Structures are given as structure tokens and as C-alpha cells.
Amino acid sequence: MDKKIVFVIISMFFLTGFSQTKKFKVVLDAGHGGKDYGAVYHGNIEKNIALQTVLKVGAILEKDHQIDVVFTRKSDVFIELQQRANIANKSKGSIFVSMHCNANKNQAAEGNETYVMGITRNSSNLEVAKNENEVVTLETDYKIKYDGYDPNSPESVIGISILQEEHLDQSIELAGRVQEFFTKKTDNKNRGVKQAGFLVLRQITMPRVLIEMGFVSNKEEGEFLNSETGQDLLAEAIANAIMDYKNEFFSPSSNDDVKEEDKNVPKIEEVIVKEVPKKEQIIKKAEKTIEKGIVFKIQISASTKELATIPSNFKGLSPISVEPSGSLFKYFYASEKNYDSIKQKLEEAKQKGYSTAFIVAYKDGIKINVTDAIK
């Protein structure tokens, strides 16, 4: 074959490959809108603050050529909660970020907090979820759409935890980064990462968080939320948190999102138990089995429970290893030196039902970025 033809074919291959590289897709959701004003205190309107800040976050993220941004709304319109989920899922986003403002009858309440989907019986968490979920009463036939959901019933809030552990670990990672960057960018109180049942999150098929940026019911904090300066700082914090998460979990060199989890997992208020028996034993076992060089594994799940690493506990997969991380136990399938081999193992794990499994990498027993490991 002529060398010129070979060169052209190779050039076309590389150009096509790079042009089709999958981007990190962020779905930004401005809470409320249109006839749904959200919380209104001291002239501060939640729907406006959420939209203005979301647009600022999107403008920052769009400067990164590896990121695509999808908005559930870009103007003052009413979007049903189910439609927000539909927009996110159809876009096949990498993450979903819903932005809101908090409110409380106690107008001294202050600070920011980020929620992941799940069960809670904590009264304050239930109240936040109840307030945000009340928007469904503005929708036609909401009881049919949301399986008989009653916004005035705590049992309904607890009961909507469908798929609450789906993407839970990665959602916690993202939520923790949001809180971390809030602390870096503002002097506002950090109320931490929490868990509750939000209708807007329940059918999202990707890592998802709901951010309460602050209390509009607090006069001083409400003024901050409603100001250009405040929204700029909050937008920078949220955008930086998203980019930090993207840099850690996403590899643009692969056709799939290659995700790696961080060593420090933020704790969830009142959901994850503080101490798990035998953690010291697991640490000692891990110390004895450190593998030298670059090693790839598949993280298949994370749980507060310690399980025996036998195939019957993991749908027949073997070998299984476990690591303690914060108050979680993280379970891994396989251990390969070759990236192509671990990708095959990833497909095996997904075929077994671990649809949210992802690749992690180690060098001499220390977790590193997957992209660096591939290099």
C-alpha cells in the first residue's frame, strides 16, 4: 500500500477518534421557576437566585473544552420534577446538580449544605425535603405521577428512596467537594453532607446532588444570596467542585467515563454509622497484600456493612477485595496490570448487575488518577 494512503488513513483514524471523545456532561438544574417561587423572605426569591447562580456556574464550566453543560431551565419557566429527570436522563449526563435556597421558621438558621438521595429520619432533613417536594402540588395528577406521594407525610418522604444507593458513593464524593469549596470561597457556615428523599433526585440515573446554597429566611444571608458578589462566589465554588470531581473521576481518553474514588469520603449525617467492627483487621489485611507497580481494580459497591469477600455475596464475582474508607466499606472486583484487561472485567461486573461499577488505579498500593496510571 502506498505510504501516502497509509498516512491519510492513520490521520483520519486519529482525527475521528479525538472528535468522538466523550465529554464530561454536567446537568445543571435551577430549582423552582415560573409559578413556583420557592422560598420567599425579605424580598429574596429562591427561584431567581437559583437561576442566576446556575447560569453563572454554567458559564464557568463551558470554558472547559472537556465539559458539556445541559440546563433543565435557562429562564423563568415552570418545569415539572419528572421532566427535570427526563432531561437529565435523555442527555446521558455524567452528573446532575440541582441548586436551591433553604428556609426555616427560625430565621437565625444559616449556612449551606449538600444532599444526596437516601433515607433519613432526621427531622430537619425531612423538613428540607418536604419543603422542596411541595412543588409537586402545582402539577396535575401529581399523586398518580409520584405513586401517591403526600407532601405533608414524613412517611412519603422516607418512602421515595427508590434506588437511593444507586451512585451513592460517587454522589457523596461530589457533595463533599461542593461543601469543601463553599468553605474555601465563602465565610458561610458549612452544614455538611446530608441524605434525604428528594423527588427531583429519585429517578436520576447518574451521580446526583441537591445543593442548599444558604437560607433566604436569614436576612443577612438572604442578601448575600441575592447579591451579584454572593452569586459569583457561590458559582465559583460549585463550578470548582464540579471540575475537581471531573478531574478525579473522568478520563477523556476512554470511550467510557473512567471514574476513580477519592481516599477521603465525607460522612453523611445520621445515615452512616460512625464505627464498624473489625475495621482494624481489614486494614492489617490490606497492608499485607499491597501489590507493587500499577494495578487496576473495579469498584463495584460501597456499604456500611462488612461482608465476607466470597463470590456468593457478590453475584459470583471473584476475586473480591475490600477497603475501609471513612465509615464505608468499599468492595472491589479483580486486579489487573493491564488497562484493556480491566475494561473487560468492568463489562463482566456490569453484566452481573453492577451497572455503576467503575475503574480505580493504584501505584504501589497508593490510589492514583486513572488517567495517570494509563500514561
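Cut-offs applied
Residues numbered from 1 in each chain as written. Predicted model: local features only at pLDDT ≥ 70, side-chain atom pairs only at ≥ 80, totals over all residues. Heavy atoms only, no water. Phe/Tyr/Trp six-rings, centres within 6.5 Å; stacked < 30°, edge-to-face > 60°. Helix = DSSP H or I, 4+ residues; strand = E, 2+ residues; numbered from the N terminus. Buried < 20%, exposed > 50% of the residue type's maximum accessible area, 1.4 Å probe, protein only. Lys NZ or Arg CZ within 6 Å of the ring centre and 35° of its normal. Salt bridge = Lys/Arg side-chain N within 4 Å of Asp/Glu carboxyl O. Pairing = 2+ DSSP bridges. Axes fitted to C-alpha atoms, helices over the stretch in contact; angles between N-to-C directions.

Concerning the packing of aromatic side chains
Scanning all chains against the criterion turns up 4 aromatic pairs. Judged by centre distance (5.1 Å) and plane angle (45°), the ring pair of Phe-314 and Tyr-331 falls under tilted. You can see Phe-314 sitting in the loop between β9 (294–303) and β10 (320–325) and its partner Tyr-331 sitting in strand β11 (residues 328–336), a full 17 residues away along the chain. In terms of burial, Phe-314 and Tyr-331 fall into one category: buried. The ring of Tyr-37 has Lys-47 lying over it, and the distance from NZ or CZ to the ring centre is 3.8 Å. Taking the ring centre of Tyr-362 as reference, the NZ or CZ of Lys-297 above it sits at 5.3 Å.

Focus: the pattern of salt bridges
Side chains bearing opposite charge may pair, as long as their charged atoms lie close to each other. Taken as a whole and assessed by the stated rule, the structure comprises 14 salt bridges. In this structure, Lys-246 engages Asp-64 in a salt bridge whose closest nitrogen and oxygen atoms are separated by 3.0 Å. Within this pair, whereas Lys-246 is found in helix α9 (residues 228–249), its partner Asp-64 is found in the loop between α2 (46–61) and β4 (67–71), the two being separated by 182 residues in sequence. The pair formed by Lys-246 and Asp-64 is uniform in burial state, with each residue classed as buried. In this structure, the salt-bridge partner of Glu-173 is Arg-177, at a minimum N-O distance of 3.2 Å. Of this pair, Glu-173 and Arg-177 both sit in helix α7 (residues 168–185), 4 residues apart, roughly one helical turn. The class of Glu-173 is buried, set by a relative accessible area of 1%.

Things to note about the sheet that holds strand β8 (residues 208–215)
Read across the sheet, 6 strands follow the order β4-β1-β5-β8-β6-β7 without closing on themselves; strand pairing throughout is mixed. Bordering the open sheet on either side are β4 and β7 (190–196), each of which pairs with just one other strand. Put simply, the sheet's adjacent strands are angled 25° from each other on average, direction ignored. The sheet contact formed by strand β1 (residues 24–30) and strand β5 (residues 95–102) spans 5 bridges and is parallel. Opposite Val-26, over in β5, you have Ile-95 as the bridge partner.

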